[in-house]
Amino acid sequence: MRIVVMSDSHGRVDRVKQVIEQQSEAELFIFLGDGTKDFHQAMRGVPKEDWCVCGNCDYSSNDEYTILAYVKDILFYCTHGHQWNVKYDLDQLVNEAIRKEAKVVLFGHTHEAYYEYRDGIHILNPGSLGHPRGSLYPTYAVIDIQGKNIVCNHIRLEEQH
């Protein structure tokens with residue numbers, strides 16, 4: 001099963017649509033805030049499951065700030081991350097994931113692609129589709145699940161001209 005994770009599009013609905021088109025085989029699309037309108041617009045008419053959390057810049061969003069849900073038998077914890085001070089360190093977020101017994105924690109907010117496996121938890125930030133930091137190009141992530149194996153990868157979004 002393939003899951004696509006995006007965040008921080010900040011008005012670049014074109015880039016969200018591009019990711020969806022490039023990853024048409026994915027079964028689940030997850031958006032981690034700061035561009036929920038972009039995500040909902042891009043997903044309109046796409047017959048795939050989608051999850052979306054609200055970020056600190058999603059002022060009129062009705063989306064929740066966190067999602068705690070299973071994919072197959074793997075518990076995912078999704079959040080934008082601003083409420084866990086992820087720009088400073090990940091300890092608060094990881095401790096919350098441990099408390100919730102999540103095996104995958106997804107967050108955005110920093111605009112920097114990040115992955116770590118710590119304390120039995122996959123910790124992933126897909127980077128930013130709108131305003132990447134630490135990178136010259138927009139990124140998103142894919143998570144491939146086969147049985148108990150979870151493989152996380154970042155993907156550079158090639159600009160369409």
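Below you will find a few notes about this structure. Because the structure is a prediction, the values reported are computed rather than measured.

A few words on the packing of aromatic side chains. One pass over the full model with this rule turns up three aromatic pairs. Arranged with centres 6.2 Å apart and planes meeting at 85°, the rings of W51 and F76 form a pair that is edge-to-face. Here W51 is found in strand β3 (residues 49-52), whereas its partner F76 is found in strand β5 (residues 74-79), with 25 residues between them in sequence.

Moving on: the nonpolar core. By size, the foremost hydrophobic cluster in this structure holds 21 residues, and its most contacted members are I3, W51, F76, C78, L106 and I143. Looking at this core, the elements with two or more residues in it are β1 (2-6), β2 (28-31), β4 (66-71), β5, β6 (104-106), β9 (139-146) and β10 (149-156). Dropping the residues within four chain positions of it, C78 is found in contact with I30, L32, W51, V53, Y65, T66, I67 and L106. Ranked by size, the runner-up nonpolar core spans 17 residues in total, among them V4, V19, F31 and C52.

Take the sheet that holds β3 next. Taken in spatial order, the five strands of this open sheet run β3-β2-β1-β9-β10, and their pairing is mixed. Of all strands in the sheet, those with a lone pairing partner are β3 and β10, marking the two edges. Neighbouring strand axes in the sheet, compared pairwise and without regard to direction, differ in orientation by 20° on average. In the sheet, β9 pairs with β10 via eight bridges, with the strands oriented antiparallel. Residue pairing across strands places D144 opposite V151, the latter belonging to β10. With respect to the sheet, helix α1 (residues 13-22) is in contact with β1, β2 and β9, its orientation differing from that of β1 by roughly 170°.

The sheet built from five strands is open, its strands ordered β4-β5-β6-β8-β7 with mixed pairing. Only two strands of the sheet have a single neighbouring strand rather than two, namely β4 and β7 (113-118). Neighbour to neighbour, the strand axes of the sheet diverge by 15° on average, direction disregarded. Here β5 pairs with β6 via three bridges, running parallel. The residue of β6 that forms the bridge with C78 is L106. Where helix α3 (residues 91-100) meets the sheet, its contacts fall on β4, β5, β6, β7 and β8 (121-126), and the angle it forms with β5 comes to roughly 145°.

So, about the pattern of salt bridges. What the rule picks out here adds up to nine salt bridges. The shortest N-O distance in the salt bridge between E96 and R99 comes to 2.7 Å. Here the residue E96 and the residue R99 both occupy positions in helix α3, the gap between them amounting to three residues, near one helical turn. Within this structure, R2, E25 and D144 form a network of salt bridges that share partners.

Okay, α3 next. Within α3 the residues assigned to the buried category are L93, V94, E96 and A97. Each buried residue of α3 lies within a common arc of 160° when the element is viewed along its axis, so the set occupies one face. Within two residues after α3, E101 carries a phi angle of roughly 65°, on the positive side.

The rules behind these values
- Residues numbered from 1 in each chain as written.
- Predicted model: local features only at pLDDT ≥ 70, side-chain atom pairs only at ≥ 80, totals over all residues.
- Heavy atoms only, no water.
- Phe/Tyr/Trp six-rings, centres within 6.5 Å; stacked < 30°, edge-to-face > 60°.
- Helix = DSSP H or I, 4+ residues; strand = E, 2+ residues; numbered from the N terminus.
- Core = buried A, V, L, I, M, F, W, Y, C linked by side-chain atoms within 4.5 Å.
- Buried < 20%, exposed > 50% of the residue type's maximum accessible area, 1.4 Å probe, protein only.
- Contact = heavy atoms within 4.5 Å.
- Pairing = 2+ DSSP bridges.
- Axes fitted to C-alpha atoms, helices over the stretch in contact; angles between N-to-C directions.
- Salt bridge = Lys/Arg side-chain N within 4 Å of Asp/Glu carboxyl O.
- Arc of directions from axis to C-beta.

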